[in-house]
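Descriptive structure summary
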Amino acid sequence: KELEEAKEKFKQGVSGILTQFEQIIAVFHSSMKQKAWDHFTKPQRKNIRVWCTQAEELHSIHSDVLMGIRSEEEMEMSDDEMEMPPEKKDTDESALTSQVEALKEENDSLRWQLDAYRNEVELLKQEQGKTNQSEEDTVREQQFRLLQQALQGMQQHLLKLQEEYKKKDSEL
């Protein structure tokens, strides 16, 4: 009887841990959505991905432990008790539903990540283009200054020639 109570407490504890991991994973997945994802730096994004995979791994491990406990309980049942109770069917269906939801969230998350990567690539291309443009602008600006200096030199030369012309004209 004490063993049964201990098993039940352990099973409840593992179920509680699974629930908490599902909540943690849900938070990580929601943080990976585009709206929130853009607020994080690259190192933070990397940490979130690592933490999310670790949480998912731990969740699956605890889920396997819970399934192992349930399968042991099923083995202990006698043949006349082997018929699956409706509660068990509901539990299995809800587990499948939660898995489907988790997969949908993961799929959405991956789509958002893909979009984020595409945006980053686009930004890098634009920055590269701006770098090229700024180099071209610098070259144009240098050419403009040189032409300005040349024009000023020509104007000064023209003024000197005009002065010389006036002197010669006044001498005549």
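Throughout this document, residue positions are counted from 1 along each chain, in the order its sequence is written. Residues qualify for local features only when their pLDDT is at least 70, as the model is predicted, and side-chain atom pairs are given and counted only at 80 or more; totals for whole chains, interfaces and linings, by contrast, use all residues. Only hydrogens and water are removed before side-chain values are computed, so all heavy atoms of the structure are retained for them.

With that out of the way, let us pick up helix H1 (residues 2–31). Only DSSP runs of H or I reaching four residues or more are called helices, and only runs of E reaching two or more are called strands; each is numbered from the N terminus. For a helix, the expected span equals 1.5 Å multiplied by the number of residues minus one. A rise of 1.5 Å per residue sets the reference length of H1, with its 30 residues, at 44 Å; its end C-alpha atoms lie 43 Å apart and thus fit the reference within 8%. Burial classification: accessible surface area is computed with a 1.4 Å probe over protein chains only, and a residue below 20% of its type maximum counts as buried, one above 50% as exposed, and the rest as partly exposed. Within the span of H1, buried status applies to Lys11, Val14, Leu18, Phe21, Ile25, Phe28, His29 and Ser31.

Okay, the environment of His62 next. On the secondary structure map, His62 appears in helix H3 (residues 42–76). Of the residues examined, His62 reaches a relative accessible area of 21% and is grouped as partly exposed. Between the C-alpha atoms of His62 and Phe21, which are 41 residues apart in sequence, the distance is 9.3 Å. Ignoring anything within four residues of it in the chain, the contact list for His62 reads Val14, Ile17, Leu18 and Phe21. Contact definition: two residues touch when any of their heavy atoms are within 4.5 Å.

Here, nonpolar core means buried Ala, Val, Leu, Ile, Met, Phe, Trp, Tyr and Cys residues that are tied together by side-chain atoms lying within 4.5 Å of each other. Grouped together as the largest cluster of nonpolar side chains are 9 residues: Phe21, Ile25, Phe28, Met32, Trp37, Ile48, Cys52, Ala55 and Ala116. Counting only elements with at least two residues in this core, the list comes to H1 and H3. Non-local contacts of Met32, meaning those with residues more than four positions away in its chain, are made with Trp37, Ile48, Arg49, Cys52, Ser109, Trp112 and Gln113.

This part covers the pattern of salt bridges. Whenever a carboxyl oxygen of Asp or Glu lies within 4 Å of a side-chain nitrogen of Lys or Arg, that contact is scored as a salt bridge. Using the criterion set out here, one finds 2 salt bridges in the structure. As a salt-bridge pair, Glu8 and Lys11 come within 3.9 Å of each other at their nearest N and O atoms. Within this pair, Glu8 and its partner Lys11 are both found in helix H1, separated by 3 residues, close to a single helical turn. Taking relative accessible area as the criterion, Lys11 reaches 16% and is therefore assigned buried. Where Glu141 meets Arg145, a salt bridge forms, and the shortest distance between an N and an O atom there is 2.6 Å. Note that Glu141 and Arg145 are positioned in helix H4 (residues 86–171) at a spacing of 4 residues, about one turn of the helix. Accessibility expressed as a relative area gives 46% for Arg145, which makes it partly exposed.

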